[in-house]
Amino acid sequence: MLEHAPNGAQDGTAEDASQVRRSPETVLLCRVQDVIAKPAVVRIAQGMSVFGEHSGGWLALGALGALVDRKRRKDWIIAAGGVFAAHAASVVVKRVVKRKRPNDPEVRVLVGTPSKLSFPSAHATSTTAAAVLYSGLTGRNLTPLLVPPMLLSRMVLGVHYPSDVLVGSALGATIGGVVRGRLSRRKGKASD
């Protein structure tokens, strides 16, 4: 008679799929992929991944804002700096927490990543910071347009757990909010 090892392996050599216990987050991640990860959605999510890598797309938009909106050039530069700071903060937290990316046979990884660390999602952090900061500069609420698709895209691609994107978004909102507050105070001083 075989005894089952605590991790679900038999004889210590092979996983017994019926014995694998998935975390609620892995179950949710698999469900998101089952429902949403259709070929067209995956292609869009992969494009979003490239755009958001190292916050590059958001920094480019900040630079474009600085070029086009000469009157508020310094504000755009400060906002882009806030996006970069949010990204950097997420990288620091990743290196402290060291949570590994999803690694389950049911999770399909559909894009490459620069590291094996997952928590928090740097894409979610920088996207949320950009949405908060660039909303203040454009006068439009960009958050509902930008943040949910990026958060979902990271799960569609199988590279983040739900808590990774939620905490990343909260971190980005916090840093973006602080920098936006400073920009508002700066604007108030300039009009005095």
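Residues numbered from 1 in each chain as written. Predicted model: local features only at pLDDT ≥ 70, side-chain atom pairs only at ≥ 80, totals over all residues. Heavy atoms only, no water.

Trainee: Can you lay out the overall build of the protein chain for me, pointing to particular residues and giving the numbers?
Mentor: Looking only at helices and strands, the protein chain features seven helices and two strands. Counting from the amino terminus, the protein chain carries its helices and strands in the arrangement β-β-α-α-α-α-α-α-α. With 192 residues in all, the protein chain has 41% of them scored as buried. Once local pairs closer than 6 in sequence are excluded, the contacts in the protein chain between residues at least 24 apart make up 74%. For the protein chain, the accessible surface area stands at approximately 10900 Å², while carbon and sulfur atoms represent 62% of it. (Helix = DSSP H or I, 4+ residues; strand = E, 2+ residues; numbered from the N terminus. Buried < 20%, exposed > 50% of the residue type's maximum accessible area, 1.4 Å probe, protein only. Contact = heavy atoms within 4.5 Å. Areas by Shrake-Rupley, 256 points an atom, 1.4 Å probe, with all protein chains shown as cover.)

Trainee: Go over the pattern of salt bridges, please, and point to the residues and values.
Mentor: Summed over the entire model, instances satisfying the criterion amount to four salt bridges. Put simply, Glu25 and Arg99 hold a salt bridge, and the shortest N to O gap is 2.7 Å. Within this pair, whereas Glu25 is found in helix H1 (residues 24–36), its partner Arg99 is found in the loop between helix H4 (73–97) and helix H5 (122–138), the two being separated by 74 residues in sequence. We note a salt bridge from Arg99 to Asp164, for which the minimum N-O separation is 2.8 Å. Taken together, the positions of Arg99 in the loop between H4 and H5 and Asp164 in helix H7 (residues 162–191) put the pair 65 residues apart, joining distant regions of the chain. The network of salt bridges with common partners includes Glu25, Arg99 and Asp164. (Salt bridge = Lys/Arg side-chain N within 4 Å of Asp/Glu carboxyl O.)

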